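Given next are the chains, with one letter for each unit.
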Amino acid sequence: MEGGGEKKVSCLVVDDEAVIRYIHMSLLKKLNVEVEAAENGKAAIDAFQGGASFDLVLMDLEMPIMDGVQATKELRRMGVKSKIVGVTGHGPTSEKKVGFVEAGLDHCLMKPLTIQSLHSLLQQLQN
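Cut-off values and rules
Residues numbered from 1 in each chain as written. Predicted model: local features only at pLDDT ≥ 70, side-chain atom pairs only at ≥ 80, totals over all residues. Heavy atoms only, no water. Pairing = 2+ DSSP bridges. Helix = DSSP H or I, 4+ residues; strand = E, 2+ residues; numbered from the N terminus. Axes fitted to C-alpha atoms, helices over the stretch in contact; angles between N-to-C directions. Contact = heavy atoms within 4.5 Å. Buried < 20%, exposed > 50% of the residue type's maximum accessible area, 1.4 Å probe, protein only.

An unreviewed UniProt entry lists the chain under the name Response regulatory domain-containing protein, from Citrullus colocynthis.

See the structure below:
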């Protein structure tokens, strides 16, 4: 018998709003994803500096202490290869969203995330 089935995808949910973190984590758990949370960009960087590794990072744009743009740039500077997906309420043509994508995102999704949007994102990850 080969290995024990598929490796679980791991995800770090980075958002300053506890309710949003809870919702995103619940949706991801329903999709069989291992999930951890960080309440701002600095906490996300600290997790990676502490040796944590994730397949996927869901990064909120607007947070106190360190926002998604700063955190994404820093993670990329550190050589983090995880897929970083921005999560924002800003529309596709918003200057803030454009700057966020340019910071090094692999993809950007609109809030609120749904089980369908996360499922299709995970499908892309596994291809």
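Attention shifts here to the sheet that holds strand 3 (residues 56–60). An order of 2-1-3-4-5 is seen for the 5 strands of this open sheet, with the pairing classed as parallel. Only two strands of the sheet have a single partner each, and these edge strands are strand 2 (34–38) and strand 5 (107–110). Going from strand to strand, the sheet's axes swing by 20° on average, the running direction of each strand aside. Alignment of strand 1 (residues 10–14) against strand 2, held across 5 bridges, turns out to be parallel. Considered in strand 2, the bridge of Ser10 is made with Glu34. Lying on the sheet, helix 3 (residues 68–77) is in contact with strand 3 and strand 4 (83–88); it crosses strand 3 at an angle near 150°.

Let's shift gears to unusual backbone geometry. In this structure, the amide linkage connecting Lys111 to the following residue, Pro112, adopts the cis form with an omega of -5°. Considering the arrangement of structural elements, one finds Pro112 in the loop between strand 5 and helix 5 (115–125). At Ile65, a residue that is not glycine, the phi angle is positive and equals roughly 70°. Within the secondary structure, Ile65 is located in the loop between strand 3 and helix 3. Take Ile65: its relative accessible area is 68%, and that puts it in the exposed class.

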